Structure formats: structure tokens, C-alpha cells
Amino acid sequence: MHSPCIITIAPTGGVTSKDANPNLPIHPHEIIDEVYRCHQLGASIAHLHVRDKDGRHCLDVSLFDEIISGIKERCDIIICTSTTNWKIEATIEDKFELIALKPDYISFHVNSFNRGNAVFVNDPNEQEELLSEAKRNNVRPEFEIFDLGMIYKALGFIKDFDLQGKQRFQFMFGVNGGVSTFTLKTLQLFVDLIEHDHTW
């Protein structure tokens, strides 16, 4: 018997602009509408990013609050808020404020790595603080996995923080500096390593 397929949508992301795709939803009402449409078509999880008034990726908690509230008024999709500080100014306090909104999940980056021609910094001490705060608020981490070593690091977090039940892993293939090429062999290796009780 096959496990159910979980469809996650990330309607906005943190990189693509409206110049590249005029249909990209970046304003709160656009994101809310897109999440609702995708939920109607069978999506189970919405992975949310927000943009400022100039369309730039940010971690503006008021925008997250507006979007989450708007989505919850229309459907019961599971919500995961991005906590990425990729190429933006974001503090641990900003991320704590996101947790206070009580999404179902937060994205959780386990390691730093060279992403393209820049460094994607995830300070290990801050990540431990973030995971502790999420656990205190009953907000679950979604482990963002860009490379093989991150799986081992995530499994260590699960053990060290005594995270109970099935955990969620998001495999991020196709990123320069991580696993830049998708293959079925790589996917199978990742799935085997996370153990059978966790979802991906």
C-alpha cells in the first residue's frame, strides 16, 4: 500500500520576481487567493514567503499575519512560514515573532552552505534557540534539506530536542551549492536516511 501524496505549494518563494513571471503572487491578497485556489485543487500545505512593497523578499511579521489570517478565513490548509534569512536582514527576534503567530510549521534550515556565489548563513546557536522556541510554542519544524549532511544534522536535532512523532523533511534539489541535479538514486538515498516514520 502506498502512502498518501502530500502536495505542498510555495506560491511566492523568495527569489523569482514579477519581471520573470507577471503572474507571481506577491501582494497579500494575491497570495491568499492563490493558496485558496491551490487548496481547492488538492494542496495540503502552503509554504509561505512574503514580499515588501517593492516586491523584495522579507520577513515582515505583519504581512505574514495578514496573509495567514486571510487564508484561515477561507480554508484549513496547513501553513508553514518561511524563516529564511537568505539575502535579507532578519534577526532571531524576527523569527520568534513569526513563531508567535502559531503557524503549523516553520521552515528550519539546519546548516550554513555556499549557495551560488554567496553564503547562506544559519548560525548553529541561533538555530538551536529557534528550535527551542518553536517547541515551546508547539510549532513544528520543517527540515529544509539541501545536501546529504543536513539529513544527519536534522536527525541529530530530532534526537537532541526529543521531537516526538513523525517529522517533516523538505528536499531542496536543484540549488547551486547543494544537490544541484535531481536523480532518483539521490532521492532514494535521502528517503532511506530519514527513516520510514518521517514524511518528506
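A brief look at the structure comes next. (Residues numbered from 1 in each chain as written. Predicted model: local features only at pLDDT ≥ 70, side-chain atom pairs only at ≥ 80, totals over all residues. Heavy atoms only, no water.)

Before going further, it helps to examine the side chain of Glu-133. Looking at where Glu-133 falls in the secondary structure, it is placed in helix α4 (residues 124-136). For Glu-133, the side chain forms a polar contact with the side chain of Arg-136, separated by 2.5 Å. Beyond its immediate stretch of four places on either side in the chain, Glu-133 contacts Phe-96 and Ile-99. (Helix = DSSP H or I, 4+ residues; strand = E, 2+ residues; numbered from the N terminus. Polar contact = N/O pair within 3.5 Å; in protein donor to acceptor, adjacent residues only side chain to side chain. Contact = heavy atoms within 4.5 Å.)

Take the packing of helix α3 (residues 92-100) against α4 next. In contact at an axis separation of 10 Å, α3 and α4 are set at 20° when each is read in the N-to-C sense. Relative to α4, α3 is oriented roughly parallel. Seen from above, α3 lies across α4 with right-handed handedness. The residues of α4 that touch α3, namely those facing Ile-92, Lys-95, Phe-96 and Ile-99, are Glu-126, Gln-127, Glu-129, Leu-130, Glu-133 and Ala-134. (Axes fitted to C-alpha atoms, helices over the stretch in contact; angles between N-to-C directions. Parallel < 35°, antiparallel > 145°, perpendicular 65-115°, else oblique. Left-handed = near helix turned anticlockwise from the far one by under 90°.)

Attention now moves to helix α1 (residues 28-40). With 13 residues, α1 extends 18 Å from end C-alpha to end C-alpha; this agrees with the ideal 18 Å at 1.5 Å per step. Every buried residue belonging to α1 is among Pro-28, Ile-31, Ile-32, Val-35 and Cys-38, and all of these are buried. Buried residues along α1 cover an arc of 135° about the axis, so they all sit on one side. Exposed and oriented more than 90 degrees from the buried face of α1 are His-29 and Gln-40. The secondary structure elements touched by the buried residues of α1 are β1 (8-9), β2 (45-48) and α2 (61-74). Of the residues trailing α1, Gly-42 is marked for its positive phi of about 120°. (Expected span 1.5 Å × (residues − 1). Buried < 20%, exposed > 50% of the residue type's maximum accessible area, 1.4 Å probe, protein only. Arc of directions from axis to C-beta.)

Attention shifts here to the packing of aromatic side chains. Counted according to the given criterion, the structure contains 12 aromatic pairs. With a centroid separation of 5.2 Å and an interplanar angle of 90°, the aromatic rings of Phe-108 and Phe-157 are classed as edge-to-face. Taken together, the residues Phe-108 in strand β6 (residues 105-109) and Phe-157 in helix α5 (residues 148-160) connect sequence positions 49 residues apart. Exposure remark for Phe-108: the relative accessible area of 0% places this residue in the buried category. Overall, Phe-157 belongs to the buried group, its relative accessible area being 5%. Each ring, one from Phe-157 and one from Phe-161, has its centre 6.0 Å from the other, and the planes form 50°; the classification is tilted. An identical accessibility class is assigned to Phe-157 and Phe-161; each is buried. (Phe/Tyr/Trp six-rings, centres within 6.5 Å; stacked < 30°, edge-to-face > 60°.)

One open sheet accounts for 6 strands, arranged β1-β2-β5-β6-β9-β10; its pairing is parallel. The sheet is open, and its two edges are formed by β1 and β10 (168-171), each paired on a single side. Of the strand pairs in this sheet, strand β9 (residues 140-145) and β10 are connected by 4 bridges, and their pairing is parallel. Considered in β10, the bridge of Phe-143 is made with Phe-169. The sheet strands contacting α4 are β6 and β9, and the helix crosses β6 at an angle near 160°. (Pairing = 2+ DSSP bridges.)

None of the figures reported here should be taken as evidence of function without further support.
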